[in-house]
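# Coordinates in review
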Amino acid sequence: MSEILAKYGFLIVPIVKVAILVFVVLTLDAYLTWLERKVIAHIQARWGPHRVGPHGLLQPLADGIKFILKEDPMPTGVDKKAYFFAPFLTLMLALTSLSVIPFGPDITIFGYTTNFGIADVNISLLVLFAITALGVYGIALAGWGSNNKYSLLGGLRSSAQMISYELALTLSVVGVLLIAGDFSLKHIVEKQAGDLGLLSWNIIGFSKDHGSFTQIIGCICFFIAAIAETNRVPFDLPEAESELVAGFHTEYASMKFAMFFIGEYTSMIAVSSLFAILFFGGWLSPFPASWTMTHYLPSIIFIPLGLWVIYDGIRYETILGRVILPGLGAVFTVIGFALFLFSPVNEAIQGPFWFFAKVGFVLFFYIWMRGTLPRFRYDQLMDFGWKFLLPVSIANVVLTSAVIMWRMK
Amino acid sequence: MISGVLVIFFVLAGLAVLGAVSLILQSHPIHSALSLILVMVSLAGLYLLMGAEFIAAVQIIVYGGAVMVLFIFVIMLLNAGVEERTNFSKMATFGGVPLALALGCIIAVAIARSSGRLPAPAADGAMSSTRGLSNLLFSEFVYPFELTSFLILVAILGAIVLAQREN
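Predicted, not measured: the structure shown is a model, and the values here were computed from it.

## Quick word on the overall build of chain B
Looking only at helices and strands, chain B features six helices and zero strands. Counted from the first residue to the last, chain B has its helices and strands arranged as α-α-α-α-α-α. For chain B, with 167 residues in total, the buried portion stands at 22%. Long-range contacts, defined here as pairs at least 24 residues apart, represent 59% of the contacts in chain B between residues at least 6 apart. Accessible area of chain B: about 12,100 Å², with a carbon and sulfur share of 74%.

## A few points about the domain arrangement of chain B
Taken domain by domain, chain B consists of domain 1 (1-81) and domain 2 (129-167). A separation of 24 Å is found between the C-alpha centroids of domain 1 of chain B and domain 2 of chain B.

## Some points on the environment of A140 of chain A
With respect to the helices, strands and loops of the structure, A140 of chain A is situated in helix α4 (residues 124-145). Given a relative accessible area of 3%, A140 of chain A falls into the buried group. A140 of chain A sits 129 residues away from I269 of chain A along the chain, and the two C-alpha atoms are 22 Å apart. A140 of chain A has contacts with G155 and S159 of chain A together with M76 of chain B, leaving out every residue within four places of it along the chain.

## Quick look at the interface of chain B and chain A
How big an interface is tends to be reported as the loss of accessible area on association of its parts. Listed per partner, the contact involves 23 residues of chain B and 22 residues of chain A. It is I61, V69 and M76 of chain B in chain B that bury the most area against chain A; as a group they hold 29% of the surface buried on that side. Inspection of the chain B/chain A interface yields four residue pairs in polar contact (both at pLDDT 80 or more). Elements represented by at least two residues in the side of chain B that touches chain A include exactly α2 (29-49), α3 (53-78) and α5 (130-139) of chain B. Broken down by element, the residue count for the side of chain B that touches chain A peaks at 13 residues, all from α3 of chain B. Per-class residue counts for the side of chain B that touches chain A are 14 nonpolar, seven polar and two charged.

The rules we used
- Residues numbered from 1 in each chain as written.
- Chains lettered and ligands numbered in written order.
- Predicted model: local features only at pLDDT ≥ 70, side-chain atom pairs only at ≥ 80, totals over all residues.
- Heavy atoms only, no water.
- Helix = DSSP H or I, 4+ residues; strand = E, 2+ residues; numbered from the N terminus.
- Buried < 20%, exposed > 50% of the residue type's maximum accessible area, 1.4 Å probe, protein only.
- Contact = heavy atoms within 4.5 Å.
- Areas by Shrake-Rupley, 256 points an atom, 1.4 Å probe, with all protein chains shown as cover.
- Domains from an automatic or database assignment.
- Buried area = accessible area lost by both parts, 1.4 Å probe.
- Polar contact = N/O pair within 3.5 Å; in protein donor to acceptor, adjacent residues only side chain to side chain.
- Nonpolar A, V, L, I, M, F, W, Y, C, P; charged D, E, K, R; others polar.

Dropping the structure here:
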């Protein structure tokens, strides 16, 4: 096994990693829609999806089947090249952006050490920005190619919005780059490791040995700009349904609509991962490294969660629910006990566990904001982007450079 | 012996030429702009092949992203339609074609004469790392660099003056 890996590993390992990542991300996308509908429903005192499967857990599957089986009409007068190319471009770029994100520290399987992510590029942050820069074409082309005035307006709004907020997005990261001195996301995370746990993350920036400074301003600017870049509430003007029907994707149905949808959720995951890496220490634990007791935290979360799902499942009103939910709970409980018993596995899972916990929280925050905030007006959006966010980001760059220069002396 | 790098080079170079030809032949401005994006992205791939990662990424961010988004934005805003194809003017037939051929000959001769004498791209040299590049930019080439930023500042001021004139 190890000889084969040593010889052909460079070819096999990336293919396996891509397959796993695409499967995980597409499943995550599907259940993110479920989570979004559930969370917003509870914010608005409703139940949300609860008919298909227990607690509506099979709703994403039903939605998937619906997307495949639906008729896909093409409006007359569309620009065929742009109309067909746009959804592919959106999905392709969104999935590509995940390829440079490190999900955890390097791992060793069967004696083969590899990075926990698809590609370990030394300019991974720039690659991500390059992909973001191209991302606007998907929406602009979809809006222009659909031969529909609402789509065109949505596409135009989106282009203007993404150009405006890309500047703030890029500048808000410069502070982190000044601290790390490197474009590699892996090194940015490693630079945030310290004896003090979460205090040495970039958002707090408390560190004894090297020049570091709190990036809380950059963090807030980045998050606001990132929401605008992913076209989410309160910056979802490109698809404002009360004004533009559905904006740039009005004329898309079936799988082509699904591609935009999956693309949007995948870029949400990518942006949340980037946010966690840049400001919240990526895969690092919030506790100091000497607190080894905290390594049992995954078990402490998984076992009660599994037991609660079993308890909830045996009282569920449908027979399907009484089968599926205890089964799911049993899987969680077994995972929790397995992590407790096999400590090498538990150690390997620490990095990804914290990474996905942080990403999960950011994604929840995204949904929380959608359930809470009203939409911006177009002139407010432009005013806010150019007259507030951009100057504040530039001020953060100047402040951070000054503090680092002063500390180095 | 054809190496993998050479194959990738010819694929990218072919894409760049294809995009450039398509840029001229397309009758719709948006399709022309899309072809130009293909040229920009292929060029970024060529830079990457030469070990200049930073330049490649910046090529996509600035030219592939910002500049071309602006082009597409303006074309969409003006709602420019399909262009009519006109016959070649006499000027183009008698002046343009010989001049284009002459230019092609000059470039071909220049490449043929200097082949083998050009230095190989520095794999670990100053241009390949971001740190080396910024060191060069802020020490040896600081005056051209500052002059360029001054030029951009003038352009920005000009744009503001033009926009304010109506009020």
